[in-house]
Amino acid sequence: MSSQASKTGPDMIRVETIPVVPGAAGASCARILAGAARAAILGMGSLVVIAACPPAHAGEKCPDNFAAPVQVVAVDGFGDLALADGSIVRLAGLSASGGDAAELRRTAALREAALGRDAVLARAETGKDRYGRSAALVRIADQTTTLQAALLSEGLALARPEPGYLGCMDALLAAEAPARRGRRGLWAELPVAARDEASAGARVGQFTILAGRVLSVGNGKQVDYLNFGPVWRQDSTVRLGKPVRAALAQAGVPLESLSGQWLAVRGVVVEAGGPAIDVRWIEQLELVGAR
């Protein structure tokens, strides 16, 4: 963590997550944020409350078609599972961020939990990736908790929206919450202050979480922008496709209303004249209600 991010100041973020009932109307976000603001007035202003807006894909079902058990015969250094039936499985809905040390801890935890044991898998119809892996929710056969939830609860991975599993985000964020509150694992350095361009820029190519106050909203023909600083060529930016604007409006959060709001965004940081994250789904965004 950079020296700036480790100090207590205007961009130091401490978070507490308030869950939103799945499928609730967009107004739920406004009600929760208003309640958080009242809490700040009552002396809780040092607490950042984050409420995940109702997902654009609230009607998408999280896969629960767990199939017959199959043995896990290997866990590679990337955390992928090799199964006795010859298939390679990637844990859906997770980002394996955090560098070499975090990768070693994550792999060790997976090997301890899964290697040599029977697992049951639930898959969406997303096919295989270019490495021949299929994505799945994975649960050891005699347990009720998925491997995803186990890793998230210890801060060994981050919840990541992806096609076919967007309906799982509420559960994944809930599993993530204990590590987030306790600043365990990856959360010892997250979220990264969006106005700390050096720290944000150091994460180019990595999945991470940036948080800060949106200074302005910009509109283009194909892409909208949330600017965290006044100089878009060097400050952190969120880039949103037009479908995201429509999804936000449907959720009761017009894009323009985000100006002046505190926001956390998760995704891969890219270099675009400054650190930027491209948003494809509103599940990547979290409104910050009090600080």
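Residues numbered from 1 in each chain as written. Predicted model: local features only at pLDDT ≥ 70, side-chain atom pairs only at ≥ 80, totals over all residues. Heavy atoms only, no water.

Novice: Could you clarify how one ought to interpret the overall build of the protein chain in this entry?
Specialist: Across its full length, the protein chain carries seven helices and 17 strands. In the protein chain, of all internal contacts separated by at least 6 residues, the share reaching a separation of at least 24 is 67%. Of the roughly 13300 Å² of accessible surface on the protein chain, 55% is carried by carbon and sulfur atoms. (Helix = DSSP H or I, 4+ residues; strand = E, 2+ residues; numbered from the N terminus. Contact = heavy atoms within 4.5 Å. Areas by Shrake-Rupley, 256 points an atom, 1.4 Å probe, with all protein chains shown as cover.)

Novice: Please clarify how the pattern of salt bridges should be interpreted in this entry.
Specialist: Any two side chains of opposite charge can pair, given that their charged atoms come close. Scanning the entire structure with this criterion turns up 17 salt bridges. Note that Lys61 and Asp64 form a salt bridge whose closest N and O atoms lie 2.7 Å from each other. Exposure remark for Lys61: the relative accessible area of 54% places this residue in the exposed category. For Arg203, the salt bridge identified is with Glu189, shortest N-O distance 3.3 Å. Residue Arg203 is located in the loop between α6 (197–201) and β11 (207–213), and its partner Glu189 is located in the loop between α5 (169–182) and β10 (192–193); the two are separated by 14 residues in the primary sequence. What emerges from the salt-bridge pattern is a single network uniting Glu176, Arg180, Arg266 and Glu286. (Salt bridge = Lys/Arg side-chain N within 4 Å of Asp/Glu carboxyl O. Buried < 20%, exposed > 50% of the residue type's maximum accessible area, 1.4 Å probe, protein only.)

Novice: Would you take a moment to explain helix α3 (residues 99–114) for this structure?
Specialist: Residues lying three or four places apart along an α-helix face the same way, a consequence of the helix completing one turn every 3.6 residues. With 16 residues, α3 extends 22 Å between its outermost C-alpha atoms, agreeing within 8% with the 22 Å of an ideal straight helix rising 1.5 Å per residue. Every buried residue belonging to α3 is among Ala102, Arg106, Thr107, Leu110 and Ala114, and all of these are buried. Around the axis of α3, the buried residues are gathered within 130° of arc, so they sit on the same side. Along α3, the residues that are exposed and aim more than 90 degrees away from the buried face are Asp100, Leu104 and Glu112. Where α3 is buried, its residues meet β3 (70–75), β5 (88–91), β8 (133–140) and α4 (147–153). Looking one or two residues past α3, Gly116 carries a phi angle of roughly 80°, positive in sign. (Expected span 1.5 Å × (residues − 1). Arc of directions from axis to C-beta.)

Novice: Could you clarify how one ought to interpret the environment of Arg105 in this entry?
Specialist: Positionally, Arg105 belongs in helix α3. A sequence separation of 80 residues divides Arg105 from Gly185, and the C-alpha atoms of the two residues are 9.4 Å apart.

Novice: Got a minute to help me understand the nonpolar core in this structure?
Specialist: Soluble globular proteins tend to bury their nonpolar side chains together. Among the nonpolar cores identified, the biggest contains 34 residues, and Leu226, Leu240, Leu248 and Val279 are the most heavily contacted of them. Where this core is concerned, the elements lending two or more residues are β11, β14 (237–241), α7 (242–250), β15 (262–271), β16 (275–279) and β17 (285–290). The contacts of Leu240, once residues within four sequence positions are left out, are Gln222, Val223, Asp224, Tyr225, Leu226, Leu248, Leu255, Val279 and Leu285. One finds Leu91, Ala135, Leu137 and Cys168 within the second-largest nonpolar core, a separate group that totals 33 residues. (Core = buried A, V, L, I, M, F, W, Y, C linked by side-chain atoms within 4.5 Å.)

Novice: Where do I start with the sheet that holds β3 in this structure?
Specialist: Sheets are built from strands paired through backbone hydrogen bonds, the pairs being either parallel or antiparallel. On the basis of which strands lie adjacent, the closed barrel formed by five strands has the order β3-β4-β5-β8-β7 and mixed pairing. Taking each pair of neighbouring strands and ignoring which way they run, the sheet shows an average axis angle of 60°. Pairing of β3 with strand β7 (residues 118–122), which is carried by two bridges, proceeds in the antiparallel orientation. By the bridge assignment, Gln71 is partnered in β7 with Asp118. Contacts from α3 reach β3, β5 and β8, with the element oriented near 150° to β3. (Pairing = 2+ DSSP bridges. Axes fitted to C-alpha atoms, helices over the stretch in contact; angles between N-to-C directions.)

Novice: Any chance you could explain the side chain of Arg106 here in plain terms?
Specialist: By secondary structure assignment, the location of Arg106 is in helix α3. Nearest to the buried, unbridged Arg106 among oppositely charged side chains is Glu103, at 4.8 Å. Excluding residues that lie within four positions of it along the chain, Arg106 makes contacts with Ala96, Ser97, Leu151, Leu156 and Ala157. (Lys, Arg positive; Asp, Glu negative; His and termini not counted.)

Honestly, that's just the spatial picture; any functional story needs more than this.
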